[in-house]
Amino acid sequence: GAVASSGDGTGSGKVSGNQNSPPGNLEEQVVGYWAPNADAMKQRLEDELKGNPGELAAAKAMIDPRLSAMALQIPAKGQVVIHEIMGAPQPSTYTVKSIDLPGRTLEIAVTDKGKVQDGTITIDGNQLTLSKGEDTLILDRIDEAAFRKRQQPSTTAPAIPGISSTPDSGATEPPEPAPGT
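Keep in mind that this is a model prediction, so the values were computed, not measured.

Rules used in this analysis
Residues numbered from 1 in each chain as written. Predicted model: local features only at pLDDT ≥ 70, side-chain atom pairs only at ≥ 80, totals over all residues. Heavy atoms only, no water. Pairing = 2+ DSSP bridges. Helix = DSSP H or I, 4+ residues; strand = E, 2+ residues; numbered from the N terminus. Axes fitted to C-alpha atoms, helices over the stretch in contact; angles between N-to-C directions. Contact = heavy atoms within 4.5 Å. Salt bridge = Lys/Arg side-chain N within 4 Å of Asp/Glu carboxyl O. Buried < 20%, exposed > 50% of the residue type's maximum accessible area, 1.4 Å probe, protein only. Phe/Tyr/Trp six-rings, centres within 6.5 Å; stacked < 30°, edge-to-face > 60°.

On to the sheet that holds strand E1 (residues 32-36). With antiparallel pairing, the eight strands of this closed barrel are ordered in space as E1-E2-E3-E4-E5-E6-E7-E8. Neighbour to neighbour, the strand axes of the sheet diverge by 30° on average, direction disregarded. In this fold helix H2 (residues 38-48) packs onto E1 and strand E8 (135-142), with an angle of close to 160° to the strand it touches most, E8.

This part takes up the pattern of salt bridges. Throughout the structure, instances matching the rule amount to eight salt bridges. With a shortest N-O distance of 3.7 Å, Glu28 and Lys77 are connected by a salt bridge. One end of the pair, Glu28, is in helix H1 (residues 26-29); the other, Lys77, is in the loop between strand E2 (71-74) and strand E3 (79-83), with 49 residues separating them in the sequence. Look at Lys77 and you get partly exposed, because its relative accessible area is 43%.

What follows is about the packing of aromatic side chains. For the structure shown, the criterion picks out one aromatic pair. With a centroid separation of 4.4 Å and an interplanar angle of 35°, the aromatic rings of Tyr33 and Phe147 are classed as tilted. Of this pair, Tyr33 sits in strand E1 while Phe147 sits in helix H4 (residues 144-151); the two residues are 114 residues apart in sequence, bridging distant segments of the chain. Comparing Tyr33 with Phe147, the two get one shared label, buried.

Across a regular strand the side chains alternate sides, sitting on one face of the sheet and then on the other. For E3, a buried count of four out of five residues is recorded, marking the element as mostly surrounded by other parts of the structure. Two strands pair when backbone bridges link them, and E2 and E3 are joined in this way by three bridges, in the antiparallel orientation. Opposite Gln73, over in E3, you have Val81 as the bridge partner. Taking the residues that link successive antiparallel strands as the turn, the E2-E3 hairpin has four residues, and the phi of Gly78 there is positive, at about 90°. Hairpin connection from E3 to strand E4 (residues 90-100): six residues lie between these consecutive antiparallel strands, with Gly87 at a positive phi of about 90°.

Treat this as a map of the structure, not an account of what it does.
Take a look at the structure:
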C-alpha cells in the first residue's frame, strides 16, 4: 500500500497523540516509556471492589508505593520491560495476533518467563492500557528523563532540611542497598 504524505514539508518527528496516524503505525506508537496513571488505576480498583471496602483499602495501600516506582519501557516492537521498586527489570516479549484499528487495540500474546498469556494493548494518544490475564495497567507516556528518575531508589530523595549530609560529621557511610541482580 502506498503511504500518503501529509505534504506539510515540516518533517517533524514529534511524538504526538495524533488520532489520524497511519494505520500501520499503531504498533510503533506503543514504543517508548510509560508510567502508571495512579488515579485511573485506583478508580478501576474502586469499580472492581465496590462491595468490599476492606479489600479496597488494603489494595490501595499496596498500590501507591508500587505505582510510584513502576515504569514500563517498550524499547522496540515486541519487547516490554517492566521496572518495579525492587529487583531487576522484568523483560518479556509479545507478538501481535491481530490489530483492531478503530478500537486502537493490539491483540497480543505475551511471553513472560516462558509462560504465554493472551493480552491487549490499547493506545489512545498518550495513554496506554496493557491487559493480560487478571492484570490491567493504565499508563501515561513519559519521557526518558522521567523514566530514569523513576529508576532511582527512594534513598535519593532530597535531603531533609536541618540534617547535615556532609561526610565530615563523623558518621559512617550508610550501607549501600544491594543491587537487584
